[in-house]
Amino acid sequence: MARVADGSDDPLGLAALAVLALAVWRLAPALQAQPRPAWLALALVATVLATAATLAAPPLVGAVLAALALTATLAAFLPAGHARLPLAGLAVLALPVVSSLQFFAGFPLRVVTAQLSTWGLQAAGWAAERSGTAMVVEGRLVIVDAPCSGVQMVWMAYFCACSVAALGGTGARGDRAFLRRLPWVGGVVLVGNVVRNSVLVALEATQVAGAGTISEAVHQGVGLVVLAAVCTVVLVLMRGGGTAVAGPAPRATREVTPLASGKSAAPARRVFAAVLCVCASAPWWQGGALVASAAPAAGSATHTEWPATWEGKPLRPLAFSAVEQRFAARFPGRMARLTDGEQVLVLRELHRPTRMLHPAADCYRGLGYRLQQAQLERDAQHALWRCFTAERDGRLTRVCEQIVDANGQVFTDASSWFWAAQLGRSSGPWRAVTTARAL
């Protein structure tokens, strides 16, 4: 949850939090004075589990349970038949889940996307085949990298679905109407991501040899067009001719006593709604407090030696900064910071798979850098690196990273490494190498 405060996760959740607050504010006049005991009991159980999770589970698990406890409390006061699931979806999407989804789901999504894109290009007459998350199209190797997993498109599509249902679509017709449409959202996202990937791979494959890769503007342009199309389809799908949430209340709820009565009814209901909105935002302004109890176990005591040279130049150790010292104290392995006089190397060694192996991009974003020109590059030994340029205050830094296992197998992102290690396809110890050179 510290990702909320340090900026390392995309701040998409703020949009979900704003829509959730708006939905609760609009629902305030319909809130009932007599809550449903079953929903309050569910909220109590979720609260207890969230509290326990802060001691024995990753902080994000506790945050999700807390978000569900909040929406269960709200559900207890909603009119009968009104959808609760869209509100729960917005509460979960308001959390900093994008980087975790990228870490755990990014690699499987890339494999599926690459395979479907391969079949699509083959059907269109292209010579294409897949190997892992890489594709060979017309004899040219194209790697389906982490940004092509579609995780952000997944978030945006489900955000659109929950927003429409909560504000003006299926919300007034209950959870069944919402659930009937929800599975189609995943299908729309999958098709959209495959189309985007196929177009970009085809463009890469048609590049003249030695001309490099297609521009970042083309990448972004194709992605935005496909994202707009996906969101449009989701909006149409979720509305389904539904009436607005603010329409007439269902007959079963018209005889229920409102939360307050008389002239003070509206202010009282608005105050109650405001309290719920403040509670919903708690993970954003208290997120850092959940981290201290989640320190992982220490790594193995058996270590390999750090290298004495890099690309033929001698290395000397550097002291950790205060931020690096705090991270190293919680890291389930060991770290070193070295320099050859021209660039800084950060080495991390692990003996087991862990979520604590954060991509360098997350760390630089957390420090306030703006990232650009992300791409895969090969060094003099033909090993792959994932590189990007980080900019802050007018200063540019070229950053490259890779993860190498005990057999020399190279990974360019944490998600593919994690699944290979978990499934026994890569053996440790693993060493993550990050280089940073001022431009």
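This is a predicted model, so every value here is computed, not measured.

1. Observations regarding the overall build of the protein
A tally of helices and strands in the protein yields 14 helices and 13 strands. Within the span of the protein, comprising 439 residues, buried residues form 45% of the whole. By sequence separation, contacts in the protein at least 24 residues apart represent 69% of the contacts at least 6 residues apart. Accessible surface, the protein as shown: approximately 21,100 Å² in total, 64% of it carbon and sulfur.

2. Description of the pairing of strand β10 (residues 384–392)
Burial runs high along β10: 8 of the 9 residues are buried. Strand direction decides the pairing type here: strand β9 (residues 370–378) and β10, joined by 7 bridges, are antiparallel. Note that in β10 the partner of Q372 across the bridge is T389. Counting the residues in the hairpin turn of β9 and β10 gives 5 residues, including H382, whose phi is positive at 65 degrees. Alignment of β10 against strand β11 (residues 395–404), held across 7 bridges, turns out to be antiparallel. Across the sheet, T389 pairs through a bridge with R398, a residue of β11.

3. Looking at helix α5 (residues 85–93)
Across the 9 residues of α5, 7 count as buried, placing the element largely inside the fold. Along α5, the residues classified as buried are P86, L87, A88, G89, L90, A91 and L93. Taken together, the buried residues of α5 touch α2 (13–27), α4 (59–77), α7 (151–167) and α8 (175–205).

4. Notes on the packing of aromatic side chains
A full pass over the atoms with the stated rule returns 8 aromatic pairs. Seen from their ring centres, W155 and F159 are 5.1 Å apart, and the 15 degrees between their planes marks the pair as stacked. Taken as a pair, W155 and F159 lie in helix α7 at a separation of 4 residues, close to a single helical turn.

5. Looking at the nonpolar core
If you look at the biggest cluster of nonpolar residues, it comprises 47 residues, and the most contacted ones within it are L87, L90, V185, V230, V234 and M238. Elements with a contribution of two residues or more to this core: α2, α4, α5, α7, α8 and α9 (216–239). It is α7 that provides the largest number of residues to this core, a total of 12 residues. F103, F331, M356 and A432 belong to the second-largest nonpolar core, a separate cluster that totals 17 residues.

6. Section: the side chain of T435
One can find T435 in strand β13 (residues 430–438). Judged by its relative accessible area of 8%, T435 is buried. Those residues in contact with T435 that sit more than four places away from it in its chain are W310, Q343, V344, L345, W385, R398, V399 and C400.

7. Focus on the packing of α2 against α5
Following both chains from N to C, one finds α2 and α5 inclined at 145 degrees, their axes separated by 8 Å at the closest point. As α2 runs across α5, the sense of the crossing is left-handed. Taking contact as the criterion, the partners of G13, A16, V19, L20, A23 and L27 in α2 are, on α5, L87, L90, A91 and L93. The class makeup of the residues in the contact of α2 with α5 is 9 nonpolar, 1 polar and no charged.

8. Thoughts on α7
A rise of 1.5 Å per residue sets the reference length of α7, with its 17 residues, at 24 Å; its end C-alpha atoms lie 24 Å apart and thus fit the reference within 8%. Taken across its 17 residues, α7 has 13 buried, putting it largely inside the fold.

9. Section: the pattern of salt bridges
Scanning the model with the defined rule gives 7 salt bridges in all. Of the charged contacts, one joins R110 and D413 as a salt bridge, the two residues approaching to 2.9 Å between their closest N and O atoms. With R110 in helix α6 (residues 98–123) and D413 in the loop between β12 (410–411) and α14 (414–422), this pair connects stretches of sequence that are 303 residues apart. Judged by its relative accessible area of 2%, R110 is buried. One salt-bridge network, held together by shared partners, links K313, E342 and R437.

10. Details of the state of the cysteines
Applying the stated rule across the entire model yields 1 disulfide. Sulfur-sulfur distance for the disulfide between C387 and C400 comes to 2.1 Å. The chirality of the disulfide connecting C387 with C400 is right-handed, given an S-S dihedral of about 110 degrees. Of this pair, C387 sits in strand β10 while C400 sits in strand β11, and the two are 13 residues apart along the sequence. The same class applies to C387 and to C400, which are both buried. Counting only cysteine sulfurs, C231 is the nearest neighbor of C160, a cysteine outside any disulfide, at a range of 3.6 Å. Judged by relative accessible area, which is 10%, C231 ranks as buried.

The rules behind each value
- Residues numbered from 1 in each chain as written.
- Predicted model: local features only at pLDDT ≥ 70, side-chain atom pairs only at ≥ 80, totals over all residues.
- Heavy atoms only, no water.
- Helix = DSSP H or I, 4+ residues; strand = E, 2+ residues; numbered from the N terminus.
- Buried < 20%, exposed > 50% of the residue type's maximum accessible area, 1.4 Å probe, protein only.
- Contact = heavy atoms within 4.5 Å.
- Areas by Shrake-Rupley, 256 points an atom, 1.4 Å probe, with all protein chains shown as cover.
- Pairing = 2+ DSSP bridges.
- Phe/Tyr/Trp six-rings, centres within 6.5 Å; stacked < 30°, edge-to-face > 60°.
- Core = buried A, V, L, I, M, F, W, Y, C linked by side-chain atoms within 4.5 Å.
- Axes fitted to C-alpha atoms, helices over the stretch in contact; angles between N-to-C directions.
- Left-handed = near helix turned anticlockwise from the far one by under 90°.
- Nonpolar A, V, L, I, M, F, W, Y, C, P; charged D, E, K, R; others polar.
- Expected span 1.5 Å × (residues − 1).
- Salt bridge = Lys/Arg side-chain N within 4 Å of Asp/Glu carboxyl O.
- Disulfide = S-S within 2.5 Å.

Just geometry here; none of it tells us what the structure is for.
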